[in-house]
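Analysis of the macromolecular model
The chain contents come next:
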Amino acid sequence: MTTGIILLAAGRSTRFGSDKRCSPWPGQTCMLKASISKALASGLPCYVVLHPGDQHLLDHCIGDTATAGVCPDAAQGIGNSIAFGVHSNQDWSGWIIARADMPGVTPETYRRLADHLERHDCGRPVDKHGQAGYPTAFRKEHACELMRLHGHRTEARLIPDEPYVNVIVFDAMIHADINRPEDMLKLR
């Protein structure tokens with residue numbers, strides 16, 4: 001079973017005020033590179049979804065042994081980026097849908113979600129208090145639903161409210177996304 005990571009990096013960083021993907025990150029050249037490195041450290045394949053005009057980042061991602069593609073309608077919303085990433089990797093038997101603005105998610109969390117897909121059709125990480133976070137995980141049974149996402153509809157709405165989907169992780173970063181510059185200070 002090949003499960004891979006779809007790393008969503010096609011947003012416009014409007015709340016951040018500049019391209020947050022290129023913001024400096026400790027131990028890496030930028031936040032996007034940190035997110036890619038963590039994903040690849042899991043041992044899973046990684047596909048980065050970018051928006052039109054990102055040729056410089058496309059080259060950068062491929063250089064990191066991740067593959068990447070430009071979603072032509074990324075500006076319409078995260079749902080379009082998810083659909084594009086899943087469609088581009090239909091040969092995988094499962095997808096972990098991750099956000100590039102969450103560079104702290106550990107490789108272990110990615111591996112735990114991939115392992116979970118061997119027994120269940122979908123999953124999400126939860127902390128010890130049962131609080132759900134990201135990334136999410138889906139097996140091939142959900143391919144059509146994922147590829148129909150559009151606009152601001154995310155994959156999280158496809159996860160049933162059932163205990164079997166919960167993957168307990170000891171990774172506080174499943175709640176830590178970066179939307180504004182001050183968020184980076186909290187995570188460093």
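As a starting point, this report considers the structure included with it. (Residues numbered from 1 in each chain as written. Predicted model: local features only at pLDDT ≥ 70, side-chain atom pairs only at ≥ 80, totals over all residues. Heavy atoms only, no water.)

Description of the overall build of the protein
- When helices and strands are tallied, the protein shows 6 helices and 7 strands.
- Listing every helix and strand of the protein by position from the N terminus yields β-α-β-α-β-α-β-α-β-β-α-β-α.
- Here the protein has a C-alpha radius of gyration of 15 Å; the compact-globule value for 188 residues is 16 Å, and the two agree.
- For the protein, the proportion of its 188 residues judged to be buried stands at 54%.
- Of the contacts formed within the protein by residues at least 6 apart in sequence, a portion of 68% connects residues at least 24 apart.
- When the 20 positive and 21 negative side-chain charges of the protein are each reduced to one mean point, those points stand 3 Å apart. (Helix = DSSP H or I, 4+ residues; strand = E, 2+ residues; numbered from the N terminus. Rg over C-alpha atoms; globule rule 2.2 N^0.38 Å. Buried < 20%, exposed > 50% of the residue type's maximum accessible area, 1.4 Å probe, protein only. Contact = heavy atoms within 4.5 Å. Lys, Arg positive; Asp, Glu negative; His and termini not counted. Charge placed at Lys NZ, Arg CZ, Asp CG, Glu CD.)

Section: helix 4 (residues 107-116)
- All of the buried residues along helix 4 are P107, T109, Y110, L113, A114 and H116.
- Residues of helix 4 that are buried sit in contact with strand 1 (3-8), helix 1 (31-41), strand 4 (94-99), strand 5 (122-126), strand 6 (136-139) and strand 7 (166-168).

A word on helix 3 (residues 78-88)
- Taking burial as the measure, the 11 residues of helix 3 include 8 buried ones, the bulk of the element.
- When we look at burial in helix 3, the residues that qualify are G79, N80, S81, I82, A83, F84, G85 and V86.
- Taken together, the buried residues of helix 3 touch strand 1, strand 2 (46-50), strand 3 (67-70), strand 4 and helix 5 (143-147).

Regarding the layout of surface pockets
- Reported here for the largest pocket is a volume of approximately 750 Å³.
- In this structure, the largest pocket is lined by 32 residues; those nearest its centre are G11, R12, K20, I78 and D101.
- Considering only residue class, the lining of the largest pocket consists of 13 nonpolar, 12 polar and 7 charged. (1 Å grid on protein atoms, 1.4 Å probe; cavity = no way out; pocket = protein on both sides within 12 Å on 5 of 7 lines; lining within 4 Å. Points joined across faces, edges and corners; volume = space filled by probe spheres on them. Nonpolar A, V, L, I, M, F, W, Y, C, P; charged D, E, K, R; others polar.)

Considerations on the state of the cysteines
- By the definition in use, this model includes 0 disulfides.
- Here C122 stays unpaired: no disulfide links it, and the sulfur of C144, its closest cysteine neighbor, is 15 Å away.
- Relative accessible area serves as the criterion here: at 0%, C122 is assigned to the buried category. (Disulfide = S-S within 2.5 Å.)

Focus on the packing of helix 1 against helix 4
- At their nearest, the axes of helix 1 and helix 4 sit 7 Å apart, and the two run at 50° to each other. The orientation of helix 1 relative to helix 4 falls into the category oblique. The way helix 1 lies across helix 4 gives a crossing that is right-handed. Side by side, helix 1 and helix 4 meet where K38, A39 and A41 of the first sit next to P107, Y110 and R111 of the second.
- The class makeup of the residues in the contact of helix 1 with helix 4 is 4 nonpolar, no polar and 2 charged. (Axes fitted to C-alpha atoms, helices over the stretch in contact; angles between N-to-C directions. Parallel < 35°, antiparallel > 145°, perpendicular 65-115°, else oblique. Left-handed = near helix turned anticlockwise from the far one by under 90°.)

Some points on the pattern of salt bridges
- For the structure shown, the criterion picks out 4 salt bridges.
- The partner of R124 in a salt bridge is D161, and the shortest N-O contact between them spans 3.8 Å. On the criterion of sequence distance, the pair formed by R124 in strand 5 and D161 in the loop between helix 5 and strand 7 is long-range, its members being 37 residues apart.
- Linking R139 and E141 is a salt bridge whose minimum nitrogen-to-oxygen distance equals 2.8 Å. (Salt bridge = Lys/Arg side-chain N within 4 Å of Asp/Glu carboxyl O.)

As for the pairing of strand 6
- Burial along strand 6 is two-sided: the residues T136 and F138 and A137 and R139 are all buried.
- Summarising the sheet, strand 4 and strand 6 pair through 4 bridges and their orientation is antiparallel. Following the sheet pairing, W95 is matched in strand 6 by F138.
- Relative to strand 6, strand 5 runs antiparallel, the two being bridged by 2 bridges. By the bridge assignment for strand 6, C122 is matched with F138. (Pairing = 2+ DSSP bridges.)

Comments concerning the environment of K38
- When you line up the elements, K38 lands in helix 1.
- Once the C-alpha coordinates of K38 and G104 are considered, the two residues, 66 residues apart in sequence, prove to be 7.7 Å apart.

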